[in-house]
Amino acid sequence: MSDLLATQAKPRRVLRRPAARTCTAAAGALLLLALPFYLDRFWLQAGLFAMAAAIGAIGINLLTGATGQLSMGHAFFLAVGAYSYCVFAADGGDGLTGLGLPTWLAVVLATLVAGGAGGLFSPIAGRLRGPYLGIATIALIFIGQHVLFNARDLTGGFNGRDVPPLSLFGLTFDDRELLVANVPFGSAEKLWYAGLVLLLGGALFARGVLRGRPGRAMNAIRDHRIAAGVIGVPVARYRAAVFVLSSMYAGLAGVLLALVFQRTVPDYFGITLSLEYLAMIVIGGLGSVSGAVVGAAFVSLLPQLLTRYSDALPLVSAPGTGGIAPGEASRYLYGAAIVAVVLFLPGGLVRVAARRRFGRKPGEER
Amino acid sequence: MPSLNVDHLTVRFAGLLALDDVTFTVRPGTVHALIGPNGAGKSTCFNVLSGVYRATSGSVRFGEHELTGMSPHSIAGLGVARIFQNLALPPHATVEDSLLLGRHRLTRTGFVAAGLRLPSAAHEERRHRARVREIAEFVGLEEYLGRPAGSLPYGQQKLAELARALCMEPRLLLLDEPVAGMTADERRRVAAVIAGVRDSLGISIVLVEHDMGVVMRLADTVTVLDFGRLIADGAPADVQNDPDVVRAYLGEEATP
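Treat the numbers as computed from the prediction; the structure is a model and nothing was measured. (Residues numbered from 1 in each chain as written. Chains lettered and ligands numbered in written order. Predicted model: local features only at pLDDT ≥ 70, side-chain atom pairs only at ≥ 80, totals over all residues. Heavy atoms only, no water.)

Details of the overall build of chain B
Reasoning step 1: Scanning chain B from N- to C-terminus turns up ten helices and ten strands.
Reasoning step 2: Relative to the 2.2 N^0.38 estimate, which gives 18 Å for 256 residues, the radius of gyration of chain B is 19 Å and therefore close to what a compact globule would have.
Reasoning step 3: Overall, the C-alpha framework of chain B stretches about 75 × 40 × 30 Å when taken along its three principal axes.
Reasoning step 4: At a minimum sequence separation of 6, the contacts of chain B that also span at least 24 residues come to 68%.
Reasoning step 5: With the model as given, the accessible surface of chain B reaches about 10900 Å², and the carbon-plus-sulfur share is 52%. (Helix = DSSP H or I, 4+ residues; strand = E, 2+ residues; numbered from the N terminus. Rg over C-alpha atoms; globule rule 2.2 N^0.38 Å. Contact = heavy atoms within 4.5 Å. Areas by Shrake-Rupley, 256 points an atom, 1.4 Å probe, with all protein chains shown as cover.)

Written out as C-alpha cells, the structure is:
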C-alpha cells in the first residue's frame with residue numbers, strides 16, 4: 001500500500017489525472033461520434049453488437065459482479081426484450097401478433113416487460129444466493145426456448161420474426177439512405193447514434209447506482225451477506241430489486257440487438273449467450289460499469305475480427321472449409337482469455353488500466 | 001432508552017443445546033458483559049439477538065418489540081447494531097464507504113434516485129458523509145477515511161467496524177470480542193471508546209469478551225454462561241469470586 005500513499009502524496013499527479021481523463025474521454029467521444037462517417041457497414045454493425053452487449057453486460061454485472069448473484073438466465077431476458085419490442089411495434093401485417101404502437105414506446109414497454117419478467121422470478125431471485133440462483137436460472141433458458149419455438153403467433157416460431165425499424169421524431173432507423181455530409185446513412189449509421197445514447201444512459205445510471213447507497217448495499221450482500229442484514233440491508237428485497245434492474249438492462253440490450261439484426265430468431269437466445277455474458281464480465285472486470293463495457297467489446301468484437309481476417313490468420317478459415325471456423329476460434333480464444341484473466345488478472349482487463357494509472361505492482365492488492 | 005430482556009431463551013441445533021433457558025436483563029445505558037469459556041453459547045446468544053438464528057423457545061424483548069422472529073434488517077431498524085467476532089469489513093472499499101453503509105437504515109436513496117443522481121440523493125449523501133466524518137473523529141479514524149479498509153492494521157480495522165456500528169446511531173450495541181487480537185495499546189484505546197460510547201451517547205452495550213481486564217474495567221453487570229446455561233449474573237466483583245464461575249473457567253479440583 002505504500003505505493004498508493006506515495007501517489008496520493010504527489011499533488012501534481014492528483015491534479016493532472018482528472019484533466020487527462022477528461023481529455024481522453026472527450027477524444028474518445030469525438031471518435032465514437034465520427035466513426036459512422038468513415039467505417040463501412042460491417043464494422044458499424046460489429047460496433048452496434050458490442051454496444052448492445054455492453055448494455056446487457058452492465059445489467060449482469062450489477063447482479064453477478066456487484067451483488068454476487070449468479071445468473072445463467074440473462075439470455076432469456078434479452079429474448080423477452082427483443083420479442084416484446086416486435087410484438088409492441090409490429091403492425092400485424094405478417095400474420096403475427098402486433099400492436100402497432102409507436103416504436104419508441106415499444107422500446108420503453110419492452111424494457112419494462114423484461115423487468116416485469118425479472119419481477120415474476122424475484123421470489124426465487126430474492127431467496128437463493130449466489131451459485132444456487134445460477135442453477136435456478138438455467139430453467140429460464142429452457143422455458144424461454146420452449147416458448148420461443150412454440151408460441152408461433154407471438155414469436156414466429158423457428159423462423160423468428162422481422163423487427164420493425166425504430167422511428168423517432170420523424171426519423172426512421174431503416175435502410176432508406178439519408179445523406180449526411182455526403183455520406184449515405186443507412187440503418188447501421190443511424191442506429192449507431194441511438195446505440196451510443198442508450199449505452200451512455202445505461203452506463204451513467206448504473207454508475208450512479210453503484211456509487212450510491214444501493215451500490216454499497218449490493219456490495220455488502222456480496223462481501224458479507226449476514227453482516228449486510230445485521231447492518232440493516234433487507235437482503236432478499238435487494239436481491240430481487242437488482243434482479244429486476246438487471247433484467248431491464250437485458251431487455252434493452254435485446255431490443256437494440258433486434259434492431260441491429262432486423263430479425264429475431266430463437267436459436268440465438270440459448271444458454272451459450274448467457275455464458276458469453278458471464279465471460280464478458282469476468283474478462284472485463286466484475287462489479288464495475290467499465291469492466292462490463294470493456295468485456296463486452298472484447299467478447300463481441302473478437303468473432304467479428306476473426307471472421308473478417310479469417311483468410312489472413314493461420315488455422316482459421318471460413319466455416320465448412322476444414323479449418324477452425326471463426327466462431328469456434330473466437331470461443332477458444334475467449335475461453336483462454338477467461339483462464340488467463342482468472343489466473344493472472346483477477347479484477348479483469350480494467351484492472352490493468354487502473355494498475356498502470358496507480359503504478360501498482362502486479363498481485364499487490366489481491 | 002429501552003431495556004433488553006432475554007427471557008427463558010433456548011436454542012437447540014439438532015441434538016446440541018446451545019442455549020438452555022437463559023434469562024438476563026440489560027439495563028438502559030449500561031455495559032453488560034456476557035462471558036464464559038469457549039462454546040458457552042455467547043455468540044449463539046448474539047446471533048439470536050441480531051436475528052441471524054431463530055430461538056427454539058423463549059423471548060427477547062427490546063422495549064416493546066419482540067426480537068425473536070424478526071429479520072436481521074428489521075432488528076437493525078430498531079437501532080440494534082452489532083460488530084462481528086471476525087472482521088466483516090470489505091477489504092477493497094474505503095473506510096468512508098464502509099461507514100456510509102452503516103447509515104443505510106437512516107437513508108432513503110433508492111435505485112432510481114441514485115441512478116439518476118437526483119438532487120435529493122446528493123443532498124442526503126453530503127449530509128451523511130459529514131456525520132460519518134464526525135463519528136470517525138470520535139473513534140480516531142478520520143485520517144484513514146479515504147484508505148481501503150484492508151490496508152489498515154488489524155486493530156484499526158476492528159475500530160472501523162465499531163465506527164460502522166456507531167454510524168447506525170444504535171440504541172443497543174452488541175460487541176463480539178471487540179479487543180481480540182489487539183495489542184495492549186489498541187485494547188486501551190478501544191476500551192476508552194466503548195466507555196465513551198456509554199457515557200457520552202448513553203447507548204446500552206452487550207459485550208462478549210475474553211479479556212477479563214477489559215470486562216472488569218467496563219462492565220456494570222456480568223452474565224456468565226457455561227455449556228449454554230447461565231451460571232452467574234451480577235456485579236463484576238461478585239461474579240469474579242463466584243465458586244461456579246471459578247469452576248467453569250479453571251475446572252474442579254479432583255476429589256481424592
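Re the domain arrangement of chain B
How big an interface is tends to be reported as the loss of accessible area on association of its parts.
All names here are of chain B.
Reasoning step 1: For chain B, the assigned domains read domain 1 (1-79 + 170-251) and domain 2 (89-169).
Reasoning step 2: Its C-alpha centre places domain 1 at a distance of 26 Å from the equivalent point of domain 2.
Reasoning step 3: At the junction of the two partners, domain 1 supplies 21 residues and domain 2 supplies 14 residues.
Reasoning step 4: Summing both sides of the interface, domain 1 and domain 2 together bury roughly 1300 Å²; the carbon and sulfur share of this comes to 68%.
Reasoning step 5: The largest share of the area that domain 1 buries against domain 2 comes from P170, R189 and V193, three residues that together contribute 37% of it.
Reasoning step 6: Across the domain 1-domain 2 interface, the total number found is zero salt bridges.
Reasoning step 7: At the level of secondary structure, the elements contributing two or more residues to the side of domain 1 that touches domain 2 comprise α2 (72-77), β7 (172-176) and α7 (184-201).
Reasoning step 8: A total of seven residues in the side of domain 1 that touches domain 2 trace back to one element, the largest contributor, which is α7. (Domains from an automatic or database assignment. Buried area = accessible area lost by both parts, 1.4 Å probe. Salt bridge = Lys/Arg side-chain N within 4 Å of Asp/Glu carboxyl O.)

A word on the UniProt feature "domain: ABC transporter" (unreviewed entry) in chain B
Reasoning step 1: The positions UniProt marks with the feature "domain: ABC transporter" (unreviewed entry) are residues 4-252 of chain B.
Reasoning step 2: Along residues 4-252 of chain B the backbone is 40% helical and 24% strand, and the end-to-end C-alpha distance reaches 33 Å. (UniProt positions renumbered as here; feature names shortened; annotations may be inferred.)

Some points on the nonpolar core
Reasoning step 1: Grouped together as the largest cluster of nonpolar side chains are 137 residues, with contacts concentrated most on A:Y85, A:M218, A:Y277, B:L141 and B:L173.
Reasoning step 2: In contact with B:L173, not counting residues within four places along its chain, are B:A81, B:L162, B:A165, B:L166, B:V197, B:I203, B:S204, B:I205 and B:V206.
Reasoning step 3: One finds B:L9, B:L49, B:L174 and B:L225 within the second-largest nonpolar core, a separate group that totals 26 residues. (Core = buried A, V, L, I, M, F, W, Y, C linked by side-chain atoms within 4.5 Å. Buried < 20%, exposed > 50% of the residue type's maximum accessible area, 1.4 Å probe, protein only.)

What to know about the interface of chain A and chain B
Reasoning step 1: Contact residues are listed per partner, giving 34 residues for chain A and 35 residues for chain B.
Reasoning step 2: Contact between chain A and chain B buries roughly 2700 Å² in total, counting both sides, with carbon and sulfur atoms accounting for 69%.
Reasoning step 3: Residue A:R216 is joined to B:E125 by a salt bridge in which the shortest nitrogen-to-oxygen separation is 3.4 Å.
Reasoning step 4: Here chain A and chain B share six residue pairs in polar contact (both at pLDDT 80 or more) between them.
Reasoning step 5: Listing elements by their share of the side of chain A that touches chain B, those giving two or more residues are α1 (2-9), α9 (187-211), α10 (213-223), α11 (225-231) and α12 (235-261) of chain A.
Reasoning step 6: If one sorts the elements of the side of chain A that touches chain B by residue count, α10(A) sits on top with seven residues.
Reasoning step 7: Across the side of chain A that touches chain B, the residue classes break down as 21 nonpolar, five polar and eight charged. (Polar contact = N/O pair within 3.5 Å; in protein donor to acceptor, adjacent residues only side chain to side chain. Nonpolar A, V, L, I, M, F, W, Y, C, P; charged D, E, K, R; others polar.)

What about the sheet that holds strand β1 (residues 4-13) of chain B?
Sheet strands line up and pair through hydrogen bonds in the backbone, either parallel or antiparallel.
Residues and elements named next belong to chain B.
Reasoning step 1: Overall, antiparallel pairing links the four strands, which are arranged β2-β1-β4-β5 in an open sheet. Both outer strands of the open sheet, β2 (16-26) and β5 (65-66), are each paired with one neighbouring strand and no more.
Reasoning step 2: Examined bridge by bridge, β1 and strand β4 (residues 57-62) share five bridges and lie antiparallel to one another. By the bridge assignment, L4 is partnered in β4 with F62. (Pairing = 2+ DSSP bridges.)

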